[in-house]
Amino acid sequence: MSAVNMDQKLFTELLAGDRPVLVDFWAPWCGYCRRISAPYDRIAAEHQDHLVVGKVNVDAEAQLAQAERIEVLPTLVLYRNGKAVGSIAAPESKAMIEAFIQETLAE
Amino acid sequence: MTHGHIYDMIIVGGGPGGYTAALYAARAGLDTLVLEKLSAGGQMALTQQIDNYPGFEDSVDGFTLAEKMQAQAERFGARTEYAQVERLDLTASPKVLETSEGTFLGKTVVLATGADPRKLGVDHEEALVGRGVAYCAACDGMFYRGKTVVVVGGGNSAAADALLLSRIAKKVILVHRRDALRATKIYHEPLKQAENLEFRWNSAITGLLYGDRLTGVQLKNLNSGEVFNLDCDGLFISVGRTPATELVRGQLELDPGGYILAGETTETSIPGVFAVGDVRTKRLRQVVTAVSDGAVAVHMAEEYLAGGT
């Protein structure tokens, strides 16, 4: 299963759900975002039983990106109970994304 | 978790050098694994336009070229794991690679770990990354539309970043320690013609000014010693690259710049270990020289494997 594309409506719906939500804020012109995408889809598949994994195109959802104070791409934000509990900008490896998820959920 | 399987060749890093080695190795019938921490391409994956790689007369973007190199190597049987290598034992037999995805064993190892942007080394630099401090104009430049940015550096990448940003930002200030650029001549004229670009020669950034995010930099004139503040919204650091050789420090011989000592044969100081691409000591770091290294490394590895050691 690959990461779900989210618009404002789906973002709001999924954040209200029981499972934590990981969101990749990205843009089509952002080179580093493309580099993240294959390992990110792998993470979506590996964590599908306990985590919602999605992505938001900040060009299409500019207001959402602004409201979430995204200013570097890609930024991954982890939400729990509707609130952002951690974020990581331009992670260098799949392992770093994994570590970010584990550490943030453990807090 | 140890994967008991012993590969003929394990390649660390999936840039152009790494995937060319994978292509040649797989075609030579070697059981080949690529360990890549993120995605194919390395630094090349962030290059929007490559005009000096033969065969693409209309240019190609680095990410696409990387995907093609990966697909080509995998077509002949090379495998890829998205794994971060944490420790290496290069003198063991077989060679041992401990990673985020378990331990892998290989008869030969090709190091294709490349190089990363060098930090400026001023206080709070890391904390302000993403809040005004950036290393990649092609990636983050769009956030500075209509704003004032400082670019620090004097080489080709600083010149290219300053030019790119001059088309986006309101004003670009290029800060360099010397009184002239080291950048290739082709950059000089376009830089001079960019009306919103100004130079601060003989200057160094000695501090960062910030609230929630970067608000300016502290500049020191290296001739007069005078220190003053310069307001800006962004700082793009473009001061060269550092080879990714932390993993092999103490095991392999490195040159004073930290690059792996290996000649045109790509052989390192340990038999069965080869260094290709930007991580190797060399005069010209380009995609074409990296792919060339990859092919040579496999040739040498085949000789090594045939020797039975």
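My aim in this report is to walk through the structure given alongside it, one point at a time.

The rules behind the values
- Residues numbered from 1 in each chain as written.
- Chains lettered and ligands numbered in written order.
- Predicted model: local features only at pLDDT ≥ 70, side-chain atom pairs only at ≥ 80, totals over all residues.
- Heavy atoms only, no water.
- Pairing = 2+ DSSP bridges.
- Helix = DSSP H or I, 4+ residues; strand = E, 2+ residues; numbered from the N terminus.
- Contact = heavy atoms within 4.5 Å.
- Axes fitted to C-alpha atoms, helices over the stretch in contact; angles between N-to-C directions.
- Buried area = accessible area lost by both parts, 1.4 Å probe.
- Salt bridge = Lys/Arg side-chain N within 4 Å of Asp/Glu carboxyl O.
- Polar contact = N/O pair within 3.5 Å; in protein donor to acceptor, adjacent residues only side chain to side chain.
- Buried < 20%, exposed > 50% of the residue type's maximum accessible area, 1.4 Å probe, protein only.
- Core = buried A, V, L, I, M, F, W, Y, C linked by side-chain atoms within 4.5 Å.

Okay, the sheet that holds strand β15 (residues 234–237) of chain B next. Residues and elements named next belong to chain B. Across the sheet, five strands lie side by side as β8-β15-β9-β10-β11; this open sheet has parallel pairing. Every other strand in the sheet has two partners, leaving β8 (133–134) and β11 (197–200) as the edge strands with one partner each. Relative to β15, β8 runs parallel, the two sharing two bridges. In the sheet register, alanine 134 faces β15, and the bridge partner there is phenylalanine 236. Strands β9 (148–152), β10 (171–175), β11 and β15 of the sheet are contacted by helix α4 (residues 156–166), whose axis makes an angle of about 170° with β9.

This part takes up the interface of chain B and chain A. Interface size is commonly expressed as the accessible area that is lost once the parts come together. Listed by partner, the interface residues are 23 residues for chain B and 18 residues for chain A. At the boundary of chain B with chain A, total buried surface from both sides reaches about 1900 Å², with 57% on carbon and sulfur atoms. Broken down residue by residue, the surface that chain B buries against chain A is led by Leu38, Tyr82 and Phe143 of chain B, which jointly contribute 34%. A salt bridge links aspartate 61 of chain B to arginine 34 of chain A; the shortest N-O distance between them is 3.2 Å. Where chain B touches chain A, the interface holds six residue pairs in polar contact (both at pLDDT 80 or more). Listing elements by their share of the side of chain B that touches chain A, those giving two or more residues are α2 (62–75) and α3 (137–140) of chain B.

Right, let's get into unusual backbone geometry. With glycine set apart, most residues show a phi of negative sign, and most peptide bonds adopt trans. Residue proline 94 of chain B is bonded to the preceding serine 93 of chain B through a cis peptide linkage, with omega at -5°. Looking at where proline 94 of chain B falls in the secondary structure, it is placed in the loop between β4 (85–89) and β5 (95–99). Even without being a glycine, asparagine 81 of chain A presents a positive backbone phi close to 50°. Its location among the elements puts asparagine 81 of chain A in the loop between β4 (75–80) and β5 (83–89). Looking at asparagine 81 of chain A, the relative accessible area reads 69%, which means it is exposed. Located in the positive-phi region is histidine 124 of chain B, a residue other than glycine, with phi close to 70°.

With that out of the way, let us pick up the sheet that holds strand β14 (residues 227–231) of chain B. All names here are of chain B. Pairing is antiparallel in the open sheet, where three strands are placed in the order β12-β13-β14. Edge strands, defined here as strands with exactly one partner in the open sheet, are β12 (203–210) and β14. Averaged over neighbouring strand pairs, the angle between their axes works out to 30° when direction is ignored. Where strand β13 (residues 214–221) lies against β14, five bridges are found, and the strand directions are antiparallel. Bridged to leucine 219 within β14 is phenylalanine 228.

Next up on the list: the environment of valine 217 of chain B. All names here are of chain B. The residue valine 217 is located in strand β13 in this model. Assessed through its relative accessible area of 0%, valine 217 is described here as buried. When the C-alpha atoms of valine 217 and valine 150 are compared, they prove to be 8.4 Å apart, with 67 residues separating the residues in sequence. Residues contacting valine 217, with those up to four places away along its chain left out, are Val150, Ile205, Gly207, Leu208, Leu209, Phe228, Asn229, Leu230, Cys232 and Leu235.

Moving on, we come to the nonpolar core. Residues Phe11, Leu22, Val23, Phe25, Leu73 and Tyr79 of chain A are the most contacted members of the largest nonpolar core, which totals 34 residues. Of all the elements in the fold, those that place two or more residues in this core are α1 (8–15), β2 (21–26), α2 (31–46), β3 (52–57), α3 (62–67), β4 and α4 (94–106) of chain A. Looking at which element gives the most residues to this core, the answer is α2 of chain A, with six residues. In terms of nonpolar packing, the next biggest core, distinct from the first, is built from 31 residues, Ala22, Ala25, Val34 and Ala40 of chain B among them.

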